[in-house]
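Structural overview
Okay, here's what each chain looks like letter by letter:
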Amino acid sequence: MKFLNTRIDNLTMEQAVEKIDHMVQTGYNQYVVTPNVDHIVRLEKDMYFRKIYEGASLVLTDGQPLIWFSRLLRTPIVEKISGSDLFPKVCELAAVRGYRIFLLGARAGVAVQAAEKLKKKYKGLQIAGVYSPPYDFENDQKELEKIYDMLKKSQPEILAVGLGTPKQERFFYDHREHMRIPVVLHIGATIDFEAGTVKRAPAWLSRMGFEWLYRLVKEPQRLAKRYLVDDLVILKIVWKYRKKI
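Residues numbered from 1 in each chain as written. Predicted model: local features only at pLDDT ≥ 70, side-chain atom pairs only at ≥ 80, totals over all residues. Heavy atoms only, no water.

Details of the pairing of strand E5 (residues 100-105)
What counts, and what does not: Throughout this description, buried means an accessible area under 20% of the type-specific maximum (1.4 Å probe, protein chains only), exposed means over 50%, and partly exposed covers the range between. Runs of E in the DSSP output that reach at least two residues are strands. Runs of H or I that reach at least four are helices, and both are numbered from the N terminus. Pairing between strands requires that DSSP locate at least two bridges from one strand to the other. When the strands point away from the viewer and the connection leading from the first strand across the helix to the second strand turns clockwise, the crossover is called right-handed.
Taken across its six residues, E5 has five buried, putting it largely inside the fold. Pairing analysis gives five bridges linking E5 to strand E6 (residues 126-131), with the strands arranged parallel. What sits directly across from Leu104, in E6, is Tyr131. Crossover handedness for the path E5 to helix H6 (residues 110-121) to E6: right-handed. Pairing of E5 with strand E7 (residues 158-162) involves five bridges; the strand directions are parallel. When the sheet's bridge partners are listed, Leu104 is paired in E7 with Val161.

Printed below as a string of structure tokens:
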């Protein structure tokens with residue numbers, strides 16, 4: 001369905017996982033995006049980011065504030081599905097189906113920690129490989145070739161990219177012709193969460209729509225401008241599309 005400036009697949013978590021299962025079996029280089037307030041603001045001004053979104057095979061809503069706005073606009077979204085909530089469900093699926101997952105992102109060593117914990121948590125889960133690329137790797141052809149080669153040799157069914165937005169989305173979209181992966185998930189800080197190096201907001205706080213506040217308290221220097229200045233544009237965007245109803 002159409003929501004603000006993007007398309008949304010209005011699915012429950014169970015339906016989303018079923019869809020990803022089907023995607024793994026039916027194609028290549030299909031990718032999932034999970035818009036939150038920051039993404040919606042970016043989509044309003046970044047045409048290349050919008051192009052990436054338009055090519056996504058699955059668009060799932062990440063963020064309780066967007067759920068609230070959808071109700072206000074009389075186009076209710078049934079469930080919040082963040083990348084951090086979706087990824088464990090996909091790991092459960094992969095463990096049952098025998099799908100291999102490759103983790104790309106996080107700081108050196110963190111993806112390895114995450115992989116070990118995930119394998120203990122989900123019996124039978126196959127981690128095809130992990131790699132934490134150096135800063136600015138996307139501008140280093142040798143690094144890019146290294147990643148292409150790792151993915152070609154390990155042949156994962158699912159690639160989980162945790163590089164932060166918009167870097168993670170741009171990376172795969174720009175280099176997808178060099179890869180042949182059934183499904184790609186863009187999961188932000190989820191690798192850090194799974195490794196235990198970064199603590200996620202309590203579930204009750206997330207349900208209330210205040211996960212952003214938790215993250216702001218934890219990382220004020222990095223997130224203050226984004227959350228307290230840049231993302232306030234969402235109110236103008238909601239008003240803009242409200243007038244069209």
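Here's the deal with the confidence of the model for the protein chain
Any residue range with low pLDDT should be treated as having predicted coordinates unsuitable for detailed reading. Quick reminder of the rule: A score between 0 and 100, pLDDT records how confident the predictor is in each residue.
Per-residue confidence for the protein chain gives a mean pLDDT of 90, with 92% of residues at or over 70. Mean pLDDT in the protein chain bottoms out at helix H11 (residues 211-218), which sits at 67, and peaks at strand E8 (residues 183-186), which reaches 98.

Thoughts on the pairing of E7
By the criterion of burial, E7 is predominantly enclosed, with five of the five residues buried. Burial of the side chains of E7 extends over both faces: Ile158, Ala160 and Gly162 are buried on one face and Leu159 and Val161 on the other. Summarising the sheet, E7 and E8 pair through four bridges and their orientation is parallel. What sits directly across from Ile158, in E8, is Val183. On the question of chirality, the crossover connecting E7 to the parallel E8 by way of helix H8 (residues 167-175) is right-handed.

Focus on the environment of Ala114
Formally: Residues count as neighbours in contact if any of their non-hydrogen atoms are within 4.5 Å of one another.
Looking at the secondary structure, you find Ala114 in helix H6. Overall, the relative accessible area of 1% leaves Ala114 in the buried class. C-alpha separation for the pair Ala114 and Glu219, spaced 105 residues apart in sequence, amounts to 21 Å. Once residues lying within four places of it in the same chain are set aside, the contact partners of Ala114 are Leu103, Ile191, Glu194 and Ala195.

As for helix H3 (residues 47-54)
Think of an α-helix as turning once every 3.6 residues; residues three or four places apart then point the same way. Just so we agree on the cut-off: Relevant arc is that of directions from the helix axis to the C-beta atoms, nothing else. Under the rule applied, a polar contact is a pair of N or O atoms within 3.5 Å (in protein, one hydrogen donor and one hydrogen acceptor; residues adjacent in sequence only if both atoms are side-chain atoms).
The complete set of buried residues in H3 reads Phe49, Ile52 and Tyr53. Projected onto a plane normal to the axis of H3, the buried residues spread over an arc of 100 degrees and lie on a single side. Of the surrounding elements, those touching the buried residues of H3 are strand E2 (6-7), strand E3 (30-33), helix H2 (37-45), strand E4 (58-59) and H8. You can read the cap of H3 off the contacts: a side-chain oxygen lies 3.1 Å from the backbone nitrogen of Tyr48, and it is on Asp46.

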